[in-house]
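# Coordinate inspection notes
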Amino acid sequence: MLRVSGLSVSYGPVKALTDVSVDVPRGEVTAVIGANGAGKSTLMRTLAGLVRAAEGTAELDGEPVLGRRAEDIVRLGVSLVPEGRSTIPELTVDENLRLGGMWRTRHERATTLTQVYDLFPVLAQRRAMHASTLSGGERQQLAIGRALMCAPQCLLLDEPSLGLAPLIVTQILGLVRDLATQANVAGLLVEQNAVTALRVASQGVVLNLGRVVMSGPAAQIASDEELRHAYLGY
Ligand SMILES: Nc1ncnc2c1ncn2[C@@H]1O[C@H](COP(=O)(O)OP(=O)(O)O)[C@@H](O)[C@H]1O
Ligand SMILES: [Mg+2]
């Protein structure tokens, strides 16, 4: 389990997160929802070691996560799929995937690469093509595939559905849930689209202006009309 406690993060005078606590159990997806600017990406970037926390702790299976370098956090088992599909357009699909998990042995990486291609057959078909030629949905699969190359214990996904057609979104989020349940990964899914996220998640956390305003079973959050009107705008 990934356990985040009392996390606060500031960008200079801007307080982006205040006293955020969230438990992310293995084997399921926990959704973080909230409006634009709520602090969702800051939470993910802090957990990935890209932003420094002012206060608080995060532990993966009891091992401290914060305060390490980003590459050491990946080695610890926390892998981020950043907002905006960070694949490298000039590299082929295969080259993009091989950039993940560089510290692992040749054999481990070859095994995982086969698994990723099994999981995403379309990537196997296009392995020699430049990432720039992929559709949005395919590029998102590539970004997730690259994170999987690190053999993550905890997968952080920052708005994987952004800009994708509804059918593709359903496919990708379904896959994220299957990954969590089948590989016993702790999944933390950030979405602005609450309905979609809460459908695949077991637990949910609502962020507003950097604070947790509600957390609990996803179904309970999804059916809370007052909360929806107040923070989620639908
Ligand atoms: N690099 C940055 N420098 C200064 N302020 C930032 C930076 N990144 C985000 N912020 C601010 O922090 C707050 C939270 O942003 P963010 O985590 O990106 O929210 P979300 O992902 O929920 O839209 C916002 O007020 C945003 O303007
Ligand atoms: Mg964001």
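As a starting point, this report considers the structure included with it. (Residues numbered from 1 in each chain as written. Chains lettered and ligands numbered in written order. Predicted model: local features only at pLDDT ≥ 70, side-chain atom pairs only at ≥ 80, totals over all residues.)

### Quick look at the nonpolar core
As a reminder of what qualifies: In these notes, a nonpolar core means any group of buried Ala, Val, Leu, Ile, Met, Phe, Trp, Tyr and Cys residues linked to one another through C-beta atoms within 7 Å. Partly exposed residues are those whose C-beta has more than 12 but fewer than 20 other C-beta atoms within 10 Å; 20 or more makes a residue buried and 12 or fewer makes it exposed, with C-beta atoms placed from the backbone. Contact criterion: two residues are in contact if their C-beta atoms, reconstructed from the backbone, are within 7 Å.
Ranked by size, the top nonpolar core spans 69 residues in total, and within it A31, C154, L156 and L189 carry the most contacts. Ignoring anything within four residues of it in the chain, the contact list for L189 reads V29, T30, A31, L157, V176, A197 and A201.

### Considerations on the sheet that holds strand β9 (residues 203–208)
Note on sheets: strands pair through backbone hydrogen bonds, and any given pair is parallel or antiparallel. This is how the line gets drawn: A pair of strands is considered paired only if DSSP assigns at least 2 bridges between the two. Labels follow the DSSP assignment, with helices taken as runs of H or I lasting at least four residues and strands as runs of E lasting at least two, numbered in each case from the N terminus. In this analysis, axes come from line fits to C-alpha atoms, helices being fitted only over the stretch in contact, and the angle between any two N-to-C directions falls in the range 0 to 180 degrees.
Here we have six strands laid out as an open sheet, ordered β6-β7-β8-β3-β9-β10, and mixed in their pairing. With one partner strand each, in any of the chains shown, β6 (78–81) and β10 (211–217) form the two edges of the open sheet. Averaged over all pairs of adjacent strands, the angle between strand axes in this sheet comes to 15°, irrespective of strand direction. The sheet contact formed by strand β7 (residues 154–158) and strand β8 (residues 186–191) spans five bridges and is parallel. If you follow L156 over to β8, its bridge partner there is L188.

### Thoughts on helix α6 (residues 136–148)
Note the following rule: Multiplying one less than the number of residues by 1.5 Å gives the expected span of a helix.
Taking 1.5 Å as the rise per residue, α6 with 13 residues should run 18 Å; its terminal C-alpha atoms sit 18 Å apart, in good agreement. Where burial is concerned, most of α6 is hidden: twelve out of the 13 residues are buried. Within the span of α6, buried status applies to G137, E138, R139, Q140, Q141, L142, A143, I144, G145, R146, A147 and L148. Buried residues belonging to α6 abut β6, α3 (93–98), α4 (106–119), α5 (121–125), β7 and α7 (166–183).

### Considering the sheet that holds strand β4 (residues 55–60)
The sheet built from four strands is open, its strands ordered β2-β1-β4-β5 with antiparallel pairing. Each edge of the open sheet carries a strand with a single partner, namely β2 (14–24) and β5 (63–64). Strand direction decides the pairing type here: strand β1 (residues 2–11) and β2, joined by seven bridges, are antiparallel. Along β2, the bridge assignment pairs L2 with V24. Taken strand by strand, helix α1 (residues 40–47) contacts β1, β2 and β4, and its axis lies near 70° from that of β2.

### Some remarks on unusual backbone geometry
At D19, a residue that is not glycine, the phi angle is positive and equals roughly 50°. Summarising the element assignment, D19 is placed in strand β2. For D19, a count of 13 C-beta atoms within 10 Å translates into the label partly exposed. Even without glycine at this site, D61 takes up a positive phi of about 50°. Examined against the element boundaries, D61 turns out to sit in the loop between β4 and β5.

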